[in-house]
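# Coordinate analysis (summary)
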Amino acid sequence: MSRKKTKLRKVAEKSQPMDKNVVALLLKDHRSMKKLMASIKSQRATHAKIFSSFKKLEKLVYSHMKAEETSLLHRIQDHKVFEDEANEGVEEHRIHELVMKNVHKLSDKERRVTQIKIFCEFLEHHLKEEENDLFPAFNKYAALSTRKKIGAIFLKRRKDTQRSGKKIGALAN
Ligand SMILES: [Fe+2]
Ligand SMILES: [Fe+2]
């Protein structure tokens, strides 16, 4: 394909209405979380860098959890195929909230860094479970039109709960 045609195609793709498939949106948030966690875990990361990445991460995680619950988990919690995973997911969210709150209570910087890194391990495990089990099962089970409807609800809640003005994850263009 010529360079001109490729460029035109890119412009056309950009102008398409946003893909609101909830699973695609959830994965977009997950990718942003993973980037922030990578910068926290980097060998070269200073304390200042770790704290600033964690600040962004916790805002994203908070908003993502709220939107994931409202749009998806609460809807499938009573469904026999999904109830175990959905319930476990919601309870893990509550634990994430507690750990994130606790980090701020620590005055010792070294302990704060250690807890932030442990939090990242919990979070990685949680994301992996969703990506390997829940999301593929839901993709198979629900029609694309349903996933798009739920995606629109997810995006609305994400916008309402994102505490910083920065558009990140599913809210980024
Ligand atoms: Fe989750
Ligand atoms: Fe998630």
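In this text the structure is predicted, and so the values were computed from the model without any measurement.

The subject of this paragraph is the overall build of the chain. Assigned secondary structure in the chain consists of 6 helices and 0 strands. When the elements of the chain are put in sequence order from the N terminus, they spell out α-α-α-α-α-α. In the chain, which comprises 173 residues, the share counted as buried stands at 27%. In the chain, 73% of the contacts between residues at least 6 apart in sequence involve partners at least 24 apart.

Next up on the list: the environment of methionine 33. Turning to its location among the elements, methionine 33 is positioned in helix 2 (residues 22-41). Sequence-wise, methionine 33 and lysine 56 are 23 residues apart; in three dimensions their C-alpha atoms are separated by 9.0 Å. Methionine 33 has contacts with Leu57, Leu60, Val61, Leu123 and Leu127, leaving out every residue within four places of it along the chain.

Helix length check: helix 5 (residues 109-141) (33 residues) gives 46 Å between terminal C-alpha atoms against 48 Å at 1.5 Å per residue, within 8%. The largest bend in helix 5 amounts to roughly 35° and is located at glutamate 131. The complete set of buried residues in helix 5 reads Ile116, Phe119, Cys120, Leu123, His126, Glu130, Leu134 and Phe138. Summarising the contacts, the buried residues of helix 5 are in contact with helix 2, helix 3 (47-76) and helix 4 (83-105).

Quick look at the packing of helix 2 against helix 6 (residues 144-161) now. One can describe the packing of helix 2 onto helix 6 by two numbers: an axis separation of 7 Å at closest approach and a directional angle of 40°. Judged by the inter-axis angle, helix 2 sits oblique to helix 6. For the pair formed by helix 2 and helix 6, the contact residues are Val22, Val23 and Leu25 on the first element and Arg147, Ile150, Gly151, Phe154 and Leu155 on the second. A breakdown of the residues in the contact of helix 2 with helix 6 according to their chemical character gives 6 nonpolar, 1 polar and 1 charged.

This brings us to the packing of helix 4 against helix 5. Between helix 4 and helix 5, the shortest axis-to-axis distance is 10 Å and the interhelical angle comes to 165°. Between helix 4 and helix 5, the angle falls in the class roughly antiparallel. Both helix 4 and helix 5 take part in a crossing whose hand is left-handed. Taking contact as the criterion, the partners of Glu85, Gly89, Glu92, His96, Val99, Met100, Asn102 and Val103 in helix 4 are, on helix 5, Arg112, Gln115, Ile116, Phe119, Phe122, Leu123, His126, Glu130, Asp133 and Leu134. Across the contact of helix 4 with helix 5, the residue classes break down as 8 nonpolar, 5 polar and 5 charged.

This brings us to the confidence of the model for the chain. Model confidence for the chain is summarised by a mean pLDDT of 90, while 88% of its residues fall at 70 or above. Scored below 50 in pLDDT, residues 11-17 shows 0 contacts in the model against residues more than four places distant or in partner chains.

Cut-offs applied
- Residues numbered from 1 in each chain as written.
- Chains lettered and ligands numbered in written order.
- Predicted model: local features only at pLDDT ≥ 70, side-chain atom pairs only at ≥ 80, totals over all residues.
- Helix = DSSP H or I, 4+ residues; strand = E, 2+ residues; numbered from the N terminus.
- Buried ≥ 20, exposed ≤ 12 C-beta atoms within 10 Å, placed from the backbone.
- Contact = placed C-beta atoms within 7 Å.
- Expected span 1.5 Å × (residues − 1).
- Bend = angle between axes of the 7 residues up to and from the residue.
- Axes fitted to C-alpha atoms, helices over the stretch in contact; angles between N-to-C directions.
- Parallel < 35°, antiparallel > 145°, perpendicular 65-115°, else oblique.
- Nonpolar A, V, L, I, M, F, W, Y, C, P; charged D, E, K, R; others polar.
- Left-handed = near helix turned anticlockwise from the far one by under 90°.
- pLDDT = per-residue confidence, 0-100.

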